[in-house]
Amino acid sequence: MNDFPWLTAAAVIPFVGAILVGLLPAGRELLAKQLALVVSVVVLVLVIVMALQFDPDSAEPFQFVDRVDWIPQFGISYAVGV
């Protein structure tokens, strides 16, 4: 696996897309729909690429692991994996 944060990106991209759609001026419904479609397609492609890289025979308990120490003084970290 490379070091790209697959799961984090799959979670953050829709969130950013929703914020962008929410910031569009009133009366721009078509643009909002187009932007939502683009964000959805980007996430779909990301998840398809991730699924193609999944190794069901891996000896590792988790794949696509993303771990970041957030507040190390308290032992708090951000960790996701499949």
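A brief structural summary.

About the thresholds
- Residues numbered from 1 in each chain as written.
- Predicted model: local features only at pLDDT ≥ 70, side-chain atom pairs only at ≥ 80, totals over all residues.
- Heavy atoms only, no water.
- Helix = DSSP H or I, 4+ residues; strand = E, 2+ residues; numbered from the N terminus.
- Rg over C-alpha atoms; globule rule 2.2 N^0.38 Å.
- Buried < 20%, exposed > 50% of the residue type's maximum accessible area, 1.4 Å probe, protein only.
- Contact = heavy atoms within 4.5 Å.
- Areas by Shrake-Rupley, 256 points an atom, 1.4 Å probe, with all protein chains shown as cover.
- Expected span 1.5 Å × (residues − 1).
- Core = buried A, V, L, I, M, F, W, Y, C linked by side-chain atoms within 4.5 Å.
- Patch = residues over 30% accessible without salt bridge, like charges linked within 9 Å, V, L, I, M, F, W, Y side chains within 5 Å.
- Salt bridge = Lys/Arg side-chain N within 4 Å of Asp/Glu carboxyl O.

### Points about the overall build of the chain
A count of helices and strands for the chain gives 2 helices and 2 strands. Along the chain, from the amino end to the carboxyl end, the secondary structure elements read α-α-β-β. The globule rule puts the C-alpha radius of gyration for 82 residues at 12 Å, and the 17 Å found for the chain is more than 25% above it. Across the 82 residues that make up the chain, the buried fraction comes to 16%. Sequence separation of 24 or more characterises 44% of the internal contacts of the chain that already satisfy a separation of 6 or more. Here the chain has roughly 6300 Å² of accessible surface; of this, 69% comes from carbon and sulfur atoms.

### Side note on helix α1 (residues 6-23)
Under the 1.5 Å per step criterion, the end-to-end length of α1 is 26 Å for 18 residues, consistent within 8% with the ideal 26 Å. Within the sequence span of α1, burial applies to Trp6, Leu7, Thr8, Ala9 and Gly17. Against the buried residues of α1 lie α2 (29-53), β1 (66-71) and β2 (76-80).

### What to know about the nonpolar core
One finds Trp6, Leu7, Ala9, Leu46, Met50 and Phe64 forming the largest nonpolar core, which totals 6 residues. Where this core is concerned, the elements lending two or more residues are α1 and α2. Per-element accounting of this core gives the leading share, 3 residues, to α1. Once residues within four sequence positions are removed from consideration, Met50 is found in contact with Trp6, Leu7 and Phe64.

### A closer look at a nonpolar patch on the surface
Side chains of Val12, Phe15, Val16, Ile19, Leu20 and Leu23 sit close together on the surface and give an oily, nonpolar patch of about 560 Å² of accessible area. Given a relative accessible area of 66%, Leu23 falls into the exposed group.

### Re α2
Between its terminal C-alpha atoms α2 stretches 36 Å, which fits the 36 Å expected from 25 residues at 1.5 Å a residue. Listing the buried residues of α2 in full gives Ala32, Val39, Val43, Leu46 and Met50.

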